[in-house]
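Reading the structure
In case you want the letters, here they are:
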Amino acid sequence: MTPETKIISCTCGACYERQERTLPIKDIGVFECVDCGVRLEIWSGRTVPVFKRIENEAAQKRTA
Ligand SMILES: [Zn+2]
């Protein structure tokens, strides 16, 4: 199984790579932008997102 990767961009310009992971037990959590603190996602269940900060340039190559 290959996890689906999405790029999430915050209104402040920060970009995150988002994947989903299935846990053996339920989990409740929240992810907030590291830069501005905006709440980007809330989850409750066995499928939880995993976020990884990425450089803005990597996600915005096309705008150059
Ligand atoms: Zn932000």
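Summarised in this report is the structure supplied together with it. (Residues numbered from 1 in each chain as written. Predicted model: local features only at pLDDT ≥ 70, side-chain atom pairs only at ≥ 80, totals over all residues. Heavy atoms only, no water.)

1. Some points on the coordination of the zinc ion
Protein ligation of the zinc ion involves Cys-10 (SG), Cys-12 (SG), Cys-33 (SG) and Cys-36 (SG), the donor distances falling in the range 2.3 Å. Because the angles between the 4 donor atoms bound to the zinc ion fall within 103 to 113 degrees, the donor set is best described as tetrahedral. Along the chain, the residues donating to the zinc ion fall in the pattern C-x1-C-x20-C-x2-C. Note on Cys-33: relative accessible area 3%, which makes it buried. Under the relative-accessibility criterion, Cys-36 is labelled partly exposed at 39%. (Donors = N, O, S within 2.8 Å, 3.2 Å for Na, K, Ca; no water. Tetrahedral: all angles 85-135°; square planar, octahedral: opposite > 155°, others 65-115°. Buried < 20%, exposed > 50% of the residue type's maximum accessible area, 1.4 Å probe, protein only.)

2. A word on the sheet that holds strand β1 (residues 6-9)
Read across the open sheet, the 3 strands follow the order β1-β2-β3; overall the sheet is antiparallel. Each end of this open sheet is capped by a strand with a single partner; those strands are β1 and β3 (39-54). Each neighbouring strand pair of the sheet contributes to a mean axis angle of 45 degrees, computed without reference to strand direction. Inspection of the sheet shows β1 paired to strand β2 (residues 15-32) by 4 bridges, in the antiparallel sense. Note that in β2 the partner of Ser-9 across the bridge is Cys-15. (Pairing = 2+ DSSP bridges. Helix = DSSP H or I, 4+ residues; strand = E, 2+ residues; numbered from the N terminus. Axes fitted to C-alpha atoms, helices over the stretch in contact; angles between N-to-C directions.)

3. Quick word on the environment of Cys-33
Take Cys-33: it is sitting in the loop between β2 and β3. Sequence-distant contacts of Cys-33, defined by excluding residues within four places in its chain, comprise Cys-10, Cys-12, Ala-14, Tyr-16, Val-38 and Leu-40. (Contact = heavy atoms within 4.5 Å.)

4. Observations regarding the pattern of salt bridges
In this structure the tally under the stated criterion is 5 salt bridges. Residues Glu-20 and Arg-18 are paired through a salt bridge, measuring 3.2 Å at the closest nitrogen-oxygen approach. A residue is classified by how much of its surface remains accessible, and Glu-20, at 44% relative accessible area, is partly exposed. When its relative accessible area of 10% is taken as the criterion, Arg-18 is described as buried. (Salt bridge = Lys/Arg side-chain N within 4 Å of Asp/Glu carboxyl O.)

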